[in-house]
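Tertiary structure, described
Residue strings, one per chain:
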Amino acid sequence: MDLPGGDAFIDVGDLFLSASAGMQPGEMVWTDGFTLQDAMSALEIGEPRLDSGMVSGPPFDPLTLLLPQELCWIIDRSFAYEMEWHAGNLLSNTVFTLVHVHEIAQLDPDLIPYNSADKARPVELLSIVLKTYVIGLLKCCGVAWDALNRADKAEVSLLEGYPVQNALGKLDDALNWISHTPKLPKQWKDALYARINLRKILLQLMNTNLFADLAYFQALVFQARDTLQYLREHPAATPPPSSPAHLAFDPYIARRLICFIPIRVLTLPPMEETWRALELMLDGWHEMSLLSVSRNVSTWEIIGNLRLWRQTDRAAYIRERTQTCFYDGLHVLGHFTPTSWSTNAFVMETLGVSYDTICDMVVRHLERQISKVLISTITGCWYNAPRRRRQLMQLALEWHTVYDTSLVMLKNIEDPRPKILDQLPNAILLCRLSALRELVLSGFQLELYAANERPFAYWYASQIIEKHLVCIDAILSVIVTDSHSMKELSFQRQFLTAIQLLCLAMYSVLAPSLPFDWGQMKHNFQRRYKWVFNPKYKDVVAAPVGHPELIRFLPALDEITKDEVYSPAATCELAYEILSGLVGSGNAGGWAGFAAQERVQFVESFLRTSDNLRQNLPASVPTSDSFNWKSLKWDPSRDPWFPILEFTDQSVDPLRSVIDLTALVPLGGRQVVFRRTVIEFLRSSLDGGHGNVWIQLSSKQHTISNGVSERVVPAQVEAVGVMCRDVREDVVALHCCEYLSVRNL
């Protein structure tokens, strides 16, 4: 055998075993000069992720004939891997694990052995159906890969040079064969037809120009939904372990590919989750079709922000297609000129007047600046949340530059001039302040802030919103009454006022409760708000509006701590009333479009948050030891920016904690009052509100009931046992009461 280095191999297994006999587990032996780079380049023999020569399973013959139910299972499983790829995993760990992807050339009728005796396994299932499906799968992945410009192909072809129309033609041929062949039972004809048809529709959606034929595009989405529903109702059963279908997927396929990343074996979710992920893609396509007919940039921004705030799961490919739908690099919405159209839309939707009325006074340089930054703002709404946050740092600078240009332009325009033109800088400032507000609040949604960073973040957000409200009031004083612009700004004024109140309430509660360390605070500020120190700000004449000022935070903290009148609970009460008015009126602003109802639902989520806080936050600014801030739970899935005050076994452990019952006030020497927070804790301990609550008081058991206490309960009670027993209606009814009685057992 002519091998590099010869073929005179010697078995050294015994030598290695004897040499390692005296070593401890985990101990290493290396030569002089052994470096970290050498260690990273080393391979562990027998480790499937690193040892590419290790065979992980029996060989698979891609020409093995399959039953129709086995092919349905393979197709469904490939859909699952495809959705995992769209979720962010590598092709080598997902789609490429289907062995037929790499053996597609062998799926030729002349190469497949013919077995006339096996009527249940027609050759055409491989040569026509499976081969065509794999071509459609690779073309779908190829179109998405081109759009995203990903670099994880591992040198495997995605049929880049194969025309999409040819792939669609082959899918039609496969559908035609399935429809007319007598070789398949009716049950599996329908099952295979639905799966191949769904692949065809997905490829058509990816290849269709939305602006060329919108009705056709929407019809494809509805067809895909119907087909998906059929697949959900008729799932493919998992083949028995002896079936060759299981060998069609090799999770260690990367050992055969040009891949430098360790193998990762994915555990596929249930098929219902796969179909749900595919349904979300269809939702994205449907939403994109609705947005394509919207000529309002504010509608695009509102819906994009709702997707970010509500954490709507959209595949990266769908988000990229939505961005391209708005701006493809040459035109906005398919055929509008970016500069003039976007500037006109900005002026019309913010100031309520046509851009033609002031365009002669606006310098072209400002027009180009507005269009460039506005397009970036809209397309950025479809980034993922971390990337969007990074973009907001840059947008804050760019909008500040545009703001400075507008101030210079106004100085060069002599009177008389339209009053609305004087508000153009404020309109631009609204965009910068919106970017700053989203930048700060997104830190809560992404769970970036440490506990000692939250008070400043809430305080800074309230300062930004205050400047935002000032700009809104200035613009509202000059725009046309009952216009869409006025409705939108009125909605924003109410909504932002409520958000500002909630920010102030959280700041007033958190700031005194946390230890103060100036050195740590300064370090956190320089690290978290590093975008403030961008040297490009020095190139702009105008002073930045809305920059954080740490030096103002300390006097504000001292002032709020000494304020005996301010009430966090009352502040949340006011926010609750404002949000209730918004929800009750059904006001969704002037530019929400088809997302008006969803926008109102988003406001309702803050209504629930403010309701929780107004009931549970203290009535006055707490001291450092009178409020347990750890009872505040930040959960972005429930509220993107604000916490919920909960009393659960995690926050108040009845076996180890001392419950503060300082509000237990004797009434007539016989009854006591429980603070609302304690009632909430008792509710959470009742398994849905059923059963008695037992509390041990001073080593003697008592039960809450409608009876009268035989003795006075102390203010501090150590709860060493809380349990449910003996369902009783009178105890259940007490959950809604504020006055509870305690008696001896």
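The preceding data block contains the structure.
Let us look at the structure shown here. (Residues numbered from 1 in each chain as written. Predicted model: local features only at pLDDT ≥ 70, side-chain atom pairs only at ≥ 80, totals over all residues. Heavy atoms only, no water.)

1. A word on the overall build of the protein chain
- Along the backbone of the protein chain there are 23 helices and 9 strands.
- For the protein chain, the computed accessible surface area is about 35900 Å², with 54% contributed by carbon and sulfur atoms. (Helix = DSSP H or I, 4+ residues; strand = E, 2+ residues; numbered from the N terminus. Areas by Shrake-Rupley, 256 points an atom, 1.4 Å probe, with all protein chains shown as cover.)

2. A word on the pattern of salt bridges
- According to the stated counting rule, one finds 24 salt bridges in the structure shown.
- Glu160 is paired through a salt bridge with Lys153; the nearest N and O atoms lie 2.3 Å apart.
- We classify Glu160 as partly exposed; its relative accessible area is 38%.
- On the basis of relative accessible area, Lys153 is assigned to the buried category, the value being 17%.
- Taking the shortest distance from any N to any O, the salt bridge between Arg614 and Asp611 comes out at 2.7 Å. With a gap of 3 residues between them, Arg614 and Asp611 both fall in helix H21 (residues 596-616), about one helical turn apart.
- Connected through salt bridges with shared partners, the residues Glu287, Arg307, Arg310, Arg314 and Glu598 form a single ionic network. (Salt bridge = Lys/Arg side-chain N within 4 Å of Asp/Glu carboxyl O. Buried < 20%, exposed > 50% of the residue type's maximum accessible area, 1.4 Å probe, protein only.)

3. Focus: helix H18 (residues 518-528)
- Considered for burial, the residues of H18 that qualify are Met521, Asn524, Phe525 and Arg528. The buried side chains of H18 occupy one side of the element, clustering within an arc of 100 degrees when seen end-on.
- For H18, the elements touching its buried residues are helix H13 (385-411), helix H16 (454-476) and helix H19 (550-562). (Arc of directions from axis to C-beta. Contact = heavy atoms within 4.5 Å.)

4. Let's talk about the packing of aromatic side chains
- Tallied over the full model, the rule gives 32 aromatic pairs.
- Pairing Trp300 with Trp382 gives two aromatic rings, centres 5.7 Å apart and planes at 70 degrees, and the pair type is edge-to-face. With Trp300 in helix H9 (residues 297-309) and Trp382 in the loop between helix H12 (364-380) and H13, this residue pair connects regions lying 82 residues apart in the sequence.
- Exposure remark for Trp300: the relative accessible area of 0% places this residue in the buried category. (Phe/Tyr/Trp six-rings, centres within 6.5 Å; stacked < 30°, edge-to-face > 60°.)

5. Notes on helix H7 (residues 214-233)
- Counted at 1.5 Å a residue, the expected span for H7 with its 20 residues is 28 Å, and the 29 Å between its end C-alpha atoms agrees.
- Where H7 is concerned, the buried positions are Phe217, Leu220, Val221, Ala224, Thr227, Leu228 and Leu231. For H7, the angular spread of buried residues about the axis comes to 135 degrees, placing them on one side. For H7, the exposed residues set more than 90 degrees away from the buried face come down to Ala215, Asp226 and Glu233. (Expected span 1.5 Å × (residues − 1).)

6. Quick notes on the side chain of Lys139
- The residue Lys139 is located in helix H4 (residues 124-148) in this model.
- One buried charged residue, Lys139, forms no salt bridge at all, with the nearest opposite charge on Asp146 at 6.4 Å.
- Ignoring anything within four residues of it in the chain, the contact list for Lys139 reads Leu158, Leu159, Glu160, Tyr162, Val164, Ala167 and Leu203. (Lys, Arg positive; Asp, Glu negative; His and termini not counted.)

7. Focus on a nonpolar patch on the surface
- Nonpolar side chains collect at one region of the surface, where Ile10, Val12, Leu15 and Phe16 lie side by side and expose about 460 Å² of accessible area between them.
- Tracing the sequence through the fold places Phe16 in helix H1 (residues 13-19).
- Take Phe16: its relative accessible area is 58%, and that puts it in the exposed class. (Patch = residues over 30% accessible without salt bridge, like charges linked within 9 Å, V, L, I, M, F, W, Y side chains within 5 Å.)

8. A look at the nonpolar core
- Ranked by internal contacts, the top residues of the largest apolar core, which has 208 residues, are Trp285 and Phe495.
- The dominant element in this core, judged by the number of residues it contributes, is helix H17 (residues 484-513), at 15 residues.
- If near-sequence neighbours (up to four positions away) are discounted, Phe495 is found in contact with Leu579, Leu582, Phe602, Val603, Phe606 and Trp641. (Core = buried A, V, L, I, M, F, W, Y, C linked by side-chain atoms within 4.5 Å.)

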